[in-house]
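Structural features, examined
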Amino acid sequence: MARSTRRIVLAAPARGLPTAETFRLESADLPDTLAPGQVLTRTIYCSADPGTRARLSDGPSYAPPLRAGDTIDGFCVGEVIESANEKFAPGEVVALGGGWAEHVLFPGRGYIQKIPHRRVPLSYWIGVLGVPGMTAWFGLKRVAAIKPGDRVLVTSAAGPVGATAGQIAKASGATRVVGVASGADKAAWLREAGFDDVVDYKAVSDLGAALRAASPDGHDILFDNVGNAMIDAVLPLMRMGGRVVVSGQTADYNTPYDQAPALHNTRYFIASRLRMEGLVVFDDLRAFPAAQEELCGMIEAGAVKVREHKYQGLKVAPGAFIDLFQGSAFGRRIIQVGEEPR
Ligand SMILES: NC(=O)c1ccc[n+]([C@@H]2O[C@H](COP(=O)([O-])OP(=O)(O)OC[C@H]3O[C@@H](n4cnc5c(N)ncnc54)[C@H](OP(=O)(O)O)[C@@H]3O)[C@@H](O)[C@H]2O)c1
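Residues numbered from 1 in each chain as written. Predicted model: local features only at pLDDT ≥ 70, side-chain atom pairs only at ≥ 80, totals over all residues. Heavy atoms only, no water.

With parallel pairing, six strands are arranged side by side in an open sheet as E10-E9-E8-E11-E12-E13. A strand with exactly one partner marks an edge of an open sheet, and here the two such strands are strand E10 (197-199) and strand E13 (275-278). Each neighbouring strand pair of the sheet contributes to a mean axis angle of 15°, computed without reference to strand direction. Relative to E10, strand E9 (residues 176-180) is paired through three bridges, and the arrangement is parallel. From the neighbouring strand, Val180 faces E10, where its bridge partner is Val199. Contacting strand E8 (151-155), E9 and strand E11 (219-224), helix H2 (residues 160-171) crosses the sheet at an angle of about 170° to E8. Packed on one face of the sheet, helix H4 (residues 207-214) meets E8, E9, E10 and E11 and runs near 180° to E10. (Pairing = 2+ DSSP bridges. Helix = DSSP H or I, 4+ residues; strand = E, 2+ residues; numbered from the N terminus. Axes fitted to C-alpha atoms, helices over the stretch in contact; angles between N-to-C directions. Contact = heavy atoms within 4.5 Å.)

Right, here's the structure in full:
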């Protein structure tokens, strides 16, 4: 009898905010034997990532759009249960690009990494030590070239990218780290995590004035996770030689590409000699292990705090994903799909 798995696929391309109808849970066959290079994993955890939204409808993105019937993107922690790849053996636990599925058939090429130890929870390898944490790390260290004394502003600061970025900024000697996030719970947690101030963009009538008050000397680095309207509001507040890191565009992902807000304040690039640069974190893949080791040490030392929001069972993944754009939960959205190995 053919063996099968369950997975969540794109039912129909999304328009605006995805709904339950955007997704479908279905069974799919697994091959009887693996082709050379392939690895079959049993999913323990998978993630809900805002960047996946860009792939749920047509439009320019760094990754091609998913088609109806494709498994929804996500990162997974999985246990190898079968391998036709000499680098991986059954029983090993890996982090890999996979998606919302009970099993992942790794094709032999792409993102996969053995989890080297159990010093921190396994789920961290698709969170603070995975793509979100690495985005924070390389966005600040390589793209922004952070240095002691910098004043840093981080948007969507309570998310896994933003919270990690703010804490790395502090550990790198930033003089002032301000986060932008909505709601009192997020603000309280960010202060606990060492942010100097938090601006609730939903609660203020004049965002520019609130950001100025939070860091009266301005910002050397804007680490932006949300999109054009935020960047435009911050450009006039950037200090001479400031750097804008374009990490993500969560506020713009549900808007058709040609209707996203425009940047008007580009004159500040001249007056304040600003630089703006985006990143795709996989460009830094070879440097992940060293960064992960350093960041893991910071977590163990209590210098970086981690927040996760865990969901149980594959079928709740769409709800976890939609919640990224409208919910009050925060931290890395992790969906537990299977048991951890003993
Ligand atoms: N460049 C790369 O290689 C790379 C890699 C990974 C992730 N990213 C990007 O990094 C960003 C952050 O990712 P994450 O995983 O840490 O997710 P996240 O920040 O936790 O995303 C969810 C949060 O976004 C905020 N948000 C939702 N809608 C918003 C809106 N309309 N305006 C402003 N904020 C809104 C909400 O927090 P508030 O309460 O603060 O509104 C929400 O809790 C994403 O844009 C993602 O695509 C980039």
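After that view, the rundown keeps rolling.
The subject of this paragraph is the environment of Phe138. Secondary-structure assignment places Phe138 in helix H1 (residues 131-143). For the pair Phe138 and Ala95, spaced 43 residues apart in sequence, the C-alpha separation works out to 19 Å. Sequence-distant contacts of Phe138, defined by excluding residues within four places in its chain, comprise Val143, Leu279, Asp284, Ala287, Phe288 and Ala291.

Take the site of the ligand next. Near the ligand you find 27 residues, and of these Ser156, Ser182, Lys186, Tyr201 and Leu279 are the closest. A distance of 2.8 Å separates an oxygen atom of the ligand from a polar atom in the side chain of Thr250. Here an oxygen atom of the ligand and a backbone polar atom of Val281 are 2.9 Å apart. Secondary structure elements with two or more residues in the shell around the ligand: H1, H2, helix H8 (317-326) and strand E15 (332-336). Taken together, the residues of the shell around the ligand sort by class into 14 nonpolar, 10 polar and three charged. Of the residues that make up the shell around the ligand, three or more belong to each of domain 1 (3-127 + 307-336) and domain 2 (131-282). (Near = heavy atom within 4 Å. Polar contact = N/O pair within 3.5 Å; in protein donor to acceptor, adjacent residues only side chain to side chain. Nonpolar A, V, L, I, M, F, W, Y, C, P; charged D, E, K, R; others polar. Domains from an automatic or database assignment.)

On to the pattern of salt bridges. Evaluated as defined, the whole model comprises 22 salt bridges. Here Arg42 and Glu79 are joined by a salt bridge, their closest N and O atoms 2.7 Å apart. Separated by 37 residues along the polypeptide, Arg42 in strand E3 (residues 39-47) and Glu79 in strand E4 (residues 75-83) bring together distant segments of the chain. Note on Arg42: relative accessible area 21%, which makes it partly exposed. Residue Glu79 is classed as buried on the basis of its relative accessible area, which comes to 17%. Here Arg275 and Glu277 are joined by a salt bridge, their closest N and O atoms 2.8 Å apart. Given a relative accessible area of 36%, Arg275 falls into the partly exposed group. What emerges from the salt-bridge pattern is a single network uniting Arg7, Arg24 and Glu26. (Salt bridge = Lys/Arg side-chain N within 4 Å of Asp/Glu carboxyl O. Buried < 20%, exposed > 50% of the residue type's maximum accessible area, 1.4 Å probe, protein only.)

A few words on the packing of H1 against helix H7 (residues 288-300). Each pair of packed helices can be described by the angle between their axes along with the distance between the axes. For the pair H1 and H7, interaxial distance at closest approach is 11 Å and the crossing angle is 100°. By the angle between their axes, H1 is roughly perpendicular relative to H7. Here Gly133, Met134, Trp137 and Phe138 of H1 lie close against H7, whose contacting residues are Phe288, Ala291, Gln292, Glu294, Leu295 and Met298. Across the contact of H1 with H7, the residue classes tally to seven nonpolar, two polar and one charged. (Parallel < 35°, antiparallel > 145°, perpendicular 65-115°, else oblique.)

Another aspect to go through is the domain arrangement of the protein. Looking at the protein, the domain boundaries give domain 1 (3-127 + 307-336) and domain 2 (131-282). Summing both sides of the interface, domain 1 and domain 2 together bury roughly 1,500 Å²; the carbon and sulfur share of this comes to 72%. At the boundary of domain 1 and domain 2, one finds zero salt bridges. Scanning the region where domain 1 abuts domain 2 turns up three residue pairs in polar contact (both at pLDDT 80 or more). Classifying every residue of the side of domain 1 that touches domain 2 by side-chain character gives 12 nonpolar, five polar and three charged. (Buried area = accessible area lost by both parts, 1.4 Å probe.)

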